[in-house]
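Coordinate analysis (summary)
Given next are the chains, with one letter for each unit.
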Amino acid sequence: PGTFDPITNGHLDVIIRATKIFDKVIVAVAKSDSKQPMFAHEKRIEMAKEAVCELKNVSVLGFDNLLVDFAKSHGINTVIRGLRAVSDFEYELQIGYANAALWDEFETVYLMPSLNNAFISSSIVRSVLRHDGDVSNLVPAKILKNLKAESACKLARNRINLKFQMPRSVLAAH
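Residues numbered from 1 in each chain as written. Predicted model: local features only at pLDDT ≥ 70, side-chain atom pairs only at ≥ 80, totals over all residues. Heavy atoms only, no water.

This brings us to the overall build of the protein chain. On a plain count of helices and strands, the protein chain comes out with seven helices and four strands. Traced from its N-terminal end to its C-terminal end, the protein chain shows the element sequence α-β-α-β-α-β-α-β-α-α-α. By residue count, 40% of the 174 residues in the protein chain fall in the buried class. A total of about 10600 Å² of accessible surface is found on the protein chain, and carbon and sulfur atoms cover 55% of it. (Helix = DSSP H or I, 4+ residues; strand = E, 2+ residues; numbered from the N terminus. Buried < 20%, exposed > 50% of the residue type's maximum accessible area, 1.4 Å probe, protein only. Areas by Shrake-Rupley, 256 points an atom, 1.4 Å probe, with all protein chains shown as cover.)

Here it is, written out as structure tokens:
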């Protein structure tokens, strides 16, 4: 489960590792409005589906409730969480304990991405996108065109909004 804003090669790496352990894997895309995602929930679900389309035992579903409630409603009692660094572990451990407190049959399994994907995060991808940089080695190739088109539209809208929000004296100075 995660926001997948957007899905990255690191996410895909962990998903592929999970398919080697479990017969069926559900990529659960959280709505997470409180995080103010760059991409709409439906767009994140769509990109995740594109990224995993060739993985036969993987499906993608969106959710907007507690993870344990989502898991119960789908007959799941195990969640996979990716760990990139020690700093991730402290946060993930707290989340794991919180989920276990909500449902004592709920298990959390932690997987690491491969070393070449360990540094990738959605926030790094969003930062590179905001600066019109190349994210082709950070995200699955299948979502690249869709991702660039979506972020280009968002950047254009933000630039238009900034022009209208700038004080006149700053505009005159240009």
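Here we come to the packing of aromatic side chains. Enumeration according to the criterion identifies three aromatic pairs in this entry. Taking 6.1 Å as the distance between ring centres and 65° as the angle between the ring planes, the aromatic pair formed by Phe89 and Tyr110 counts as edge-to-face. Residue Phe89 is found in helix H4 (residues 86–102), and its partner Tyr110 is found in strand E4 (residues 107–111); the two are separated by 21 residues along the sequence. (Phe/Tyr/Trp six-rings, centres within 6.5 Å; stacked < 30°, edge-to-face > 60°.)

What follows deals with the environment of Phe89. What makes Phe89 partly exposed here is its relative accessible area of 38%. Separated by 21 residues in sequence, Phe89 and Tyr110 place their C-alpha atoms 8.9 Å apart.

Bringing the environment of Lys56 into the picture now. Examined against the element boundaries, Lys56 turns out to sit in the loop between helix H2 (41–52) and strand E2 (58–63). What makes Lys56 exposed here is its relative accessible area of 82%. For the pair formed by Lys56 and Lys24, sequence separation is 32 residues and the distance between their alpha carbons is 8.8 Å.

Further remarks concern the pairing of strand E1 (residues 25–30). When you tally the buried positions in E1, you get five out of six residues, the bulk of the element. Pairing analysis gives six bridges linking E1 to E2, with the strands arranged parallel. Residue pairing for E2: Ala28 is matched across the bridge by Leu61. Traced from E1 through H2 to E2, the parallel crossover comes out right-handed. (Pairing = 2+ DSSP bridges. Right-handed = clockwise from strand over helix to strand, strands pointing away.)

Our next topic: the pattern of salt bridges. When their charged atoms lie close together, side chains carrying opposite charge are able to pair. Across all of its chains, the model carries seven salt bridges by this definition. Ionic pairing is found between Arg17 and Asp13, a salt bridge with its closest N-O pair at 2.7 Å. Pair noted here: Arg17 and Asp13 are both in helix H1 (residues 9–19), with a separation of four residues, about one helical turn. (Salt bridge = Lys/Arg side-chain N within 4 Å of Asp/Glu carboxyl O.)

Turning to the nonpolar core, a few remarks are in order. Membership of the largest hydrophobic core comes to 29 residues, with the highest contact counts inside it found for Val125, Val135, Val139 and Leu147. Among the secondary structure elements, those contributing two or more residues to this core are H1, E1, H2, E2, helix H5 (122–130) and helix H6 (141–165). Among the elements that make up this core, the one with the highest residue count is H2 (five residues). Setting aside residues up to four positions removed in sequence, Val139 forms contacts with Ile7, Thr8, Asn9, Val125, Leu144 and Leu147. Listed in part, the ten residues of the second largest apolar core include Leu67, Ala71, Val79 and Phe106. (Core = buried A, V, L, I, M, F, W, Y, C linked by side-chain atoms within 4.5 Å. Contact = heavy atoms within 4.5 Å.)

Quick look at unusual backbone geometry now. Residues Asp5 and Pro6 are joined by a peptide bond in cis, for which omega reads 0°. Along the chain, Pro6 falls in the segment before H1. At Phe4, a residue that is not glycine, the phi angle is positive and equals roughly 50°. Looking at where Phe4 falls in the secondary structure, it is placed in the segment before H1. Its relative accessible area of 8% is what places Phe4 among the buried residues. Located in the positive-phi region is Ser32, a residue other than glycine, with phi close to 50°. Looking at where Ser32 falls in the secondary structure, it is placed in the loop between E1 and H2. Exposure remark for Ser32: the relative accessible area of 19% places this residue in the buried category.

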